[in-house]
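Examining the three-dimensional arrangement
Residue-level listing of the chains:
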Amino acid sequence: MSKLPLISGRKCIKALENAGFYVKRQAGSHIILRRDDPYAQVVVPDHKELDRGTLLAIIKHAGMTVEDFIKLL
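Below: a short report on this structure. (Residues numbered from 1 in each chain as written. Predicted model: local features only at pLDDT ≥ 70, side-chain atom pairs only at ≥ 80, totals over all residues. Heavy atoms only, no water.)

**Observations regarding helix 1 (residues 9-18)**
- Turning to helix 1, its buried residues number three or more, namely Gly9, Cys12, Ile13, Ala15 and Leu16. Summarising the axial view, the buried residues of helix 1 lie within an arc of 160°, below the 170-degree limit, and thus occupy one face. Turned more than 90 degrees from where helix 1 packs its buried face, Lys14 and Asn18 sit exposed.
- Looking one or two residues past helix 1, Gly20 carries a phi angle of roughly 105°, positive in sign. (Buried < 20%, exposed > 50% of the residue type's maximum accessible area, 1.4 Å probe, protein only. Helix = DSSP H or I, 4+ residues; strand = E, 2+ residues; numbered from the N terminus. Arc of directions from axis to C-beta.)

**Concerning the environment of Leu33**
- Tracing the backbone through its elements, the reader meets Leu33 in strand 2 (residues 30-35).
- With 29 residues separating them along the chain, Leu33 and Ala62 place their C-alpha atoms 9.6 Å apart.
- Excluding anything up to four places from it in sequence, Leu33 contacts Ile13, Leu16, Glu17, Phe21, Tyr22, Val23, Lys24, Ala40, Gln41, Val42 and Val44. (Contact = heavy atoms within 4.5 Å.)

**A look at the nonpolar core**
- The biggest cluster of nonpolar side chains holds 20 residues, and the ones touching the most others in it are Cys12, Leu16, Leu33, Val44, Leu55 and Phe69.
- Those elements that place two or more of their residues in this core are helix 1, strand 2, strand 3 (40-45), helix 2 (52-61) and helix 3 (66-72).
- Examining the composition of this core, we find that four residues originate from one element, helix 1, more than from any other. (Core = buried A, V, L, I, M, F, W, Y, C linked by side-chain atoms within 4.5 Å.)

**Things to note about the sheet that holds strand 1 (residues 22-27)**
- Pairing is antiparallel across the open sheet formed by three strands, whose spatial order is 1-2-3. In this open sheet, the two edge strands, each paired with only one partner strand, are strand 1 and strand 3. Between one strand and the next, the sheet's axes are offset by a mean angle of 25°, whatever the strand orientation.
- Judged from the five bridges that link them, strand 1 and strand 2 form a sheet pairing that is antiparallel. Bridged to Tyr22 within strand 2 is Arg34.
- Contacts from helix 1 reach strand 1, strand 2 and strand 3 within the one sheet, and its direction differs from that of strand 3 by about 160°. (Pairing = 2+ DSSP bridges. Axes fitted to C-alpha atoms, helices over the stretch in contact; angles between N-to-C directions.)

Listed below in structure tokens is the structure:
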């Protein structure tokens, strides 16, 4: 497994948008993204640096592998 990079919430959102997600809404500093087909919804905190565990959870909820996510960056 590739090592997860330290990235910001905004960079994570850009990568997910490249995978077909779109911003559904925002609640405080948390941005909710959705993909309709296949359905998936993830919450990304708008922080300067995401913890690796948080980023890994976002990737898993998006139905992706770490390698797929890194390619989208």
